[in-house]
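The residues making up each chain are set out below.
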Amino acid sequence: MAIIERPVPVGVPDIPAPATPTRTFGALRRPVATTGWKSWVFTVDHKKLGIMYGAVAMFFFIVGGIEAVLIRLQLAAPNGKVLSADVYNQMFTMHATTMVFLFVMPMAAAFANYFVPLQIGARDVAFPRINAFGFWTLVGGGIIVNLSWFFGGAADGGWFMYAPNSGPVFSPSNGVDFWALGLQITGIASLTGAVNLIVTVLNMRAPGMSLMKMPVFTWLQLVVQFLLLFAIPVITVALFLLSFQRSFGATFFDVSAGADPLLWQHLFWIFGHPEVYILVLPSFGIISEVLPVFSKKPLFGYPFVVFSGAAIGFVGWGVWAHHMFASGLGPVSVAVFSIATMAIAVPTGVKIVNWTMTIWGGKLNFTAAMHFAIGLVVLFTIGGLSGVTHAVAPSDTQQTDTYYIVAHFHYVLFGGAIFGLFAGFYYWWPKMFGKQLNERLGKANFWLMVIGMNMTFGPMHMIGLQGQPRRMYVWTEARAGEGFFNLAFWNRVASIGSLVLSIGVLLFLINVVKTARSKQVAPLDPWDARTLEWMTTSPPKEHNFDAIPTVHHLDEFFHRKYAQDPVTHEIKQVATAEDIMRDQEANADKHIHMPSPSYWPIILAGGLPVIALGVIYAIPVAIVGAAIVVLAMYGWSLEPSTAPDTDFDPPASGDGTKELAPLG
Amino acid sequence: MADAAVHHADHGHHTSTGLSNNKLGMWLFLGSECLLFGGLISTYMIYRGRVGEGPRPGNVFDIPFTSVSSFVLLMSSLTMVLAVAAAQKRDDRGTTLWLTVTGLLGATFVGGQVYEFTAMYNEGLGFTTSLFGSAFYTLTGFHGVHVTVGVIMLLSLVGIIKRSRVPGDKAEVVELVGLYWHFVDVVWIIIFTLVYLIPT
Amino acid sequence: MIRHSNKRNAVRMSKTVRRISAAAAGLSAVALLAGCAKNAPQDTWQPKGPNAQKIDDLQKPVFAIAGIVGIIVFAAIGYALFKFKDRGQPIPEQTHGKPVLEIGMTILPAVILAGIGIFTFQTIFDLAKTDDTEMVINVTGQQWWWEYDYPVQEQYGITDPIITSGQLVIPSGTKVLLRETSRDVIHSYWIPALNGKRDAVPGRVHTLRLEADEPGIYAGQCTEFCGLSHAVMRMETVALSKDDFAAWVKGQLSLAASPTEGSLAQEGESVFLNQCVRCHQVNGLKKADGSPAIAAPEDNVWSGAAPNLTHLMSRNTFAGASWNLLTKQCRKDVWEASSEEFGKRYLAGVTEECLNQTDLRRWLRNAPAMKPMYADPTKLEETGGKYRGMPNLGLSEDDIDKLVAYLATLK
Amino acid sequence: MTTTAEHAEHTGHEAHDEHAEHGMSTAGYVKVAMILAALTALEVATYFVDFGPFFMPVLLVLMCVKFFIVVSYFMHLKFDNKIFSFMFYAGLFLAIGVYAAFLATFKFFSA
Ligand code: HEA
Ligand code: HEA
Ligand code: CUA
Ligand SMILES: [Cu+2]
């Protein structure tokens, strides 16, 4: 089979769709493998892509985690000798970059990819090939960022890479070039992902699922995708300015030419603050699914959770300069941004209240997922409250760039974002793999992580408030204070804590391996869940649902299983998940025509790192990369997103009931 | 937004917005581009007066020349909209004609920009000369790249439509490229005023 | 049906779940107490001057409010976890929320925050008042040390500009305005006991107000990441009583005296003229031909400056206040002196017996080994051959002996 | 059973119908273009003729008018579904708000 023109013109219904290919273009036959590595590498299936996103993110979590542990080893004692100053600076820069851009964001994307279509009752995302492209672009960007380790040293300017320290004079290795170009590439992945998911959520919902009947996870992902859509271009600009300066001699941050170093700070944080909500809102979404399920109650105040999510997204645009309270903005700007920052605590507080009220009066079942969800509420609150103390600008001038800030953001990031993701692992694992993670190991995993995390980051509050700045490759006994419980002690505790934390994470990996080896299959509906993704097999079939369900309620699945007795008001189970599935299968849609795999996404994505390497080392290479990109774009646009019916097994009968994937 | 969905939900059998995925995607992309160009324009605004030893904006701008090329780009929006209208009437001849004209007008604009850059370079304003130079070339260069990409898309589209058997079957693609094209024009409307007409 | 397996755990877990909240609450309480811990020289909760005091007055209630909010939240969660665990109760009513409660819980934090906001607002402008400065000092950051330059101010006896580094000397009880800038990347000046921090940004001048109530030494540290040796870019502010300050000024205005004829120090002087004077200025030092020796750091150092060494021994520390010029005991004597005694001890400077030769020699032997600087000459293309920081000069031990003897004369 | 994608196809069609109802005629487009041309001429005129203190406001107003004409008529936002307007104007107004604040912190407007 060669590549075929798109068979059915959209919007022109009165011209019959050609049943057989009319014209052939292009050079590559479509990939057809349904098993083996090719079925993964060329897939456009949102579930496979979701799993691959997850695997890549997990890999980078371990990388970032090992970097973190090295940091802690260096800081375990005064005048540490584990890392040199140079390597240390690379280490924390890459630790943060890896964790933020290559772990939390892709992991959130993994969940979004896998579960948003399922939760809204769709067969795939709106643009399946773009989805595949986004994934491979992320991989390319991640490789570029990390490649610098092997080519003369990684970026060493801190994750916010303030100018002019990131310029060619002060950071002469190529690390910052790799960093800037690599993040530029992962930005493309986020941007395409954002467009894709927003369109998916808006356009591909099952019949009856109005926006206000959407699961909260999907809602908060929608907010996140809007944040990405608008925040990524800002860092794109910043990174371009930086790259142009480093690679082509532009003067953007060259103070001798009259540049203002604050330009970078503003651009970075205009992106950077929405970014922190990009990191945490998906996890808020996850626990907003988990808490109701294990409390046997709907989410308390669903519309408030949704709108406060949107409000956080919105207000998050007006607070960026709280990262610059000591930068010399002048009192007026400082006052404005200080107050704006405090305002953000209000919608976030609404969420905390709603989560608490969700478990209030419930029937709580303490599974591992529930543990992580509750852990998030508690730990995030600690981090959020220290955030409020930063928002008070005069106090922040004492706190900024000390370990007190490091404590704040690890509580919100680790206690918030990562606990949420772990709740998601335990909650959705049976859905994704048909097997349940071991609950006992899961709880051990949880407790080690909670203890480890509090041991690691709790003392940082004290270390910071007693004046230890961050980003120091060594600290000195001379400023550690006296007595046994001095800063030296707390630094040691933090370092030991990071090892406890590592063992906690290690338990998770062990759990994954153990579960993969076990033969025990998870029940269809292990948690008595509430939302649509549980209304199909585990793992779901390629087309997700045999029959697209029609939605009548928020928590549709729950309402199909349970009913309230009109007299006693008692809530009784009226159907099991198996009943509902049987019903689905009986009414299955016929000849579901799913989008076909394609070579183009990975080829197109592959061109981008080549361009990046070219910009760093030799422009001709960049031209080769650009040629790959252009050719791949042509190939892509000439290839219909769905192979013709004859490629399908069994071929469509021609009675017109086939499903067309959209253009993407 | 919520209203529209609810409204459609009432229709019964489906709940999507009733809009094309592709068009929705394109509008989202354009919304995102606002932040990109906003950043570039703001950077230019901060740096336009920082000329160091190099020439000032007033020394290098040739307003009459740029006015003409701005006009060319503006008129390409008209031809573009005519192409879209033709495509929606499934008039492939008209579509390809107007697309070609649009592409040529766009190419003229890009050519004008190349000429303008050369002239400025000869007057002593290089990319690395001053902050003004770096910011100016970055902003207008980004816009120029957008126009170039647009021209390539337009001309490729002409080829594709000519090869297509089904009349009007590319109407939506034409519309999407049109949206992109108009956006690029609209950005120039802003750049022309803020960068060229309002001097430092 | 599937719940069976979990039920057993549920009973046990709820206890432990409660412990999270207890532990978390405990931790935040400890964090609150941290400000009261002892003798960390950069403690942010021990203000020693009116600016830091204003910040402290603002932050203490904020921490208290945050702590109370946290405890309420954790108590509510802890109670719910205990009370509502699955003991086989019927499926709860599927309530979707109580708007009144929601709105109440929106307004309440908003009110609390508005309260905090008002005081924050006041303090910001209070701290920014510009009519309250008496003395001006220019503070310039560079990789990785601070230079202080005192413009002429007759009322303090500063009849000629004074240039020094590492230790900023100010009169106590006097409002001092720092005008900060930088010669290379962004640094941040921070003396926690006296005020919050303010970034020193190249190309900009930012102001920071300092005032110390009592004489004493107040430690600080550069808090904006400024490259390789950011960790060892420290500083100290020394407050002296007004009289002592006048004495200090007088000392700083004097020129370096020539070492006695034929001494080791004099040999050191000629080594210094050979090796060091291209970067370091010593006021009053003369070349062999009798003309004044003028340093040209701008030709040798990327930031264009190196510490003025005229009165090296009047400061207690060197190289970004990161190493002591005083031996341990002598240093202790100065730091722990009562505020009456303090001035005298500080003005004594580094005496022969107090000089910490070990670190100073180590520095002269190979400065970049103590403080990484990219002084590696193979990495200097980007800077046109100029060093960042002080290079390894490959001095012989002999020269080092002589230099130490010479430097010890720079009182 | 209707499948989602069929529906997408179907609605794509709906959207086009909407155009047909609200779109403009060729003459209409030409007229809009003429207005744009005239406004541009006026803009360029400010370069040759001295408008005194009105110079800046006039230019900015003209810029905005042109912008919204193109967006509303050529890009059909005026006739199309409000969701499209939401997408675009969300980005646009966010950009304006954020970057105005950004410029304000650089004292751009007070200088
Ligand atoms: C997931 C990421 C995340 C999240 C959600 C947040 C949330 C918040 N952050 Fe944080 N922040 C970071 C990640 C995050 N932050 C990172 C990574 C940095 C450092 C970057 C760097 O420098 O490297 C940072 C730095 C940072 C700073 C700059 C500090 C400095 O460098 O000097 C400030 C200053 O205002 C701040 C404030 C806040 C506030 C007010 C919130 C609020 O959203 C918190 C709101 C939540 C609560 C307040 C708790 C629950 C609410 C209630 C129970 C209601 C009642 C409450 C009250 C009445 C007070 N953060
Ligand atoms: C999502 C974001 C995220 C996450 C998850 C983490 C996780 C961790 N972080 Fe990180 N951190 C940041 C974001 C994050 N951090 C950011 C943005 C900065 C600022 C950087 C800057 O200033 O530029 C920072 C800075 C930062 C510092 C300050 C450095 C400095 O200023 O000098 C420290 C110091 O302790 C630290 C520690 C840790 C530790 C111990 C973990 C642990 O939680 C990690 C635990 C995970 C693992 C350990 C991996 C899994 C374990 C195994 C697979 C077991 C096998 C491995 C071993 C036994 C080693 N981080
Ligand atoms: Cu100077 Cu950090
Ligand atoms: Cu922030």
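The present account deals with the structure reproduced in this document.

What follows concerns the coordination of the copper ion (ligand 4). Coordination of the copper ion (ligand 4) by the protein is provided by His273 of chain A (ND1), His322 of chain A (NE2) and His323 of chain A (NE2), with metal-donor distances spanning 1.9 to 2.1 Å. Mapped onto the polypeptide sequence, the residues donating to the copper ion (ligand 4) form the spacing pattern H-x48-H-H.

Residues and elements named next belong to chain A. Of all protein atoms, just one serves as a donor to the iron atom of ligand 1, and that atom is His408 (NE2), at 2.2 Å. Taken as a pair, the iron atom of ligand 1 and the copper ion (ligand 4) show a spacing of 4.5 Å. Note on placement: His408 falls in helix 12 (residues 403–433).

Another aspect to go through is the site of ligand 2. Residue and element names in this part refer to chain A. Taken together, 33 residues form the shell around ligand 2, and within it Tyr88, His95, Trp159, His410 and Arg471 come nearest. Note that an oxygen atom of ligand 2 is positioned 2.9 Å from one of the side-chain N or O atoms of Arg470. Breaking the shell around ligand 2 down by element, the ones donating at least two residues are helix 2 (46–75), helix 3 (85–119), helix 12, helix 13 (439–465) and helix 14 (487–517). For the shell around ligand 2, the leading source of residues is helix 2, giving seven residues. Tallied by class, the residues present in the shell around ligand 2 amount to 23 nonpolar, seven polar and three charged.

Around ligand 1, the surrounding shell holds 32 residues, and the nearest of these are Trp159, Tyr277, Asp396, Thr400 and His408 of chain A. In this structure, an oxygen atom belonging to ligand 1 sits 2.7 Å away from a side-chain N or O atom of Trp159 of chain A. Measuring from an oxygen atom of ligand 1, one finds a side-chain N or O atom of Asp396 of chain A at 2.7 Å. Of all the elements in the fold, those that place two or more residues in the shell around ligand 1 are helix 7 (262–295), helix 9 (331–359), helix 10 (368–391) and helix 12 of chain A together with helix 2 (50–83) of chain C. In terms of residue count, the dominant contributor to the shell around ligand 1 is helix 10 of chain A (seven residues). Looking at side-chain class alone, the shell around ligand 1 contains 20 nonpolar, 10 polar and two charged residues.

Turning our eyes to something else, we now look at the sheet that holds strand 8 (residues 206–210) of chain C. Residues and elements named next belong to chain C. Judged by pairing direction, the sheet is mixed, and its five strands sit side by side in the order 3-2-1-5-8 without closing on themselves. Where the open sheet ends on each side, the last strands, each with one partner, are strand 3 (162–165) and strand 8. Neighbour to neighbour, the strand axes of the sheet diverge by 25° on average, direction disregarded. When strand 1 (residues 135–142) meets strand 5 (residues 176–182), the two strands line up parallel, connected through seven bridges. Paired with Asn138 across the bridge in strand 5 is Arg179. This element, helix 4 (residues 242–253), spans strand 1, strand 2 (145–150) and strand 3 of the sheet and lies at about 100° to strand 3.

Turning our eyes to something else, we now look at the interface of chain B and chain D. Facing the 50 residues of chain B at the interface are 46 residues of chain D. Together, the buried faces of chain B and chain D total about 4,500 Å²; carbon and sulfur atoms form 82% of this surface. Area buried by chain B at its contact with chain D is led by Leu19, Trp27 and Leu35 of chain B, which between them contribute 14% of it. Run the count over chain B and chain D and you get four residue pairs in polar contact (both at pLDDT 80 or more). Going through the elements one at a time, helix 1 (2–10), helix 2 (21–47), helix 4 (63–88) and helix 7 (171–197) of chain B are the ones with two or more residues in the side of chain B that touches chain D.

Right, let's get into the arrangement of the chains. Here the protein chains form four pairs of chains in contact, of which the pair with the most contacts is chains A and C. Across the gap from chain B to chain C, with no contact made, the nearest C-alpha atoms are 13 Å apart. If you take every C-alpha in chain C and every C-alpha in chain D, the smallest gap between them is 12 Å, and the two do not touch.

What counts, and at which threshold
- Residues numbered from 1 in each chain as written.
- Chains lettered and ligands numbered in written order.
- Predicted model: local features only at pLDDT ≥ 70, side-chain atom pairs only at ≥ 80, totals over all residues.
- Heavy atoms only, no water.
- Donors = N, O, S within 2.8 Å, 3.2 Å for Na, K, Ca; no water.
- Helix = DSSP H or I, 4+ residues; strand = E, 2+ residues; numbered from the N terminus.
- Near = heavy atom within 4 Å.
- Polar contact = N/O pair within 3.5 Å; in protein donor to acceptor, adjacent residues only side chain to side chain.
- Nonpolar A, V, L, I, M, F, W, Y, C, P; charged D, E, K, R; others polar.
- Pairing = 2+ DSSP bridges.
- Axes fitted to C-alpha atoms, helices over the stretch in contact; angles between N-to-C directions.
- Contact = heavy atoms within 4.5 Å.
- Buried area = accessible area lost by both parts, 1.4 Å probe.

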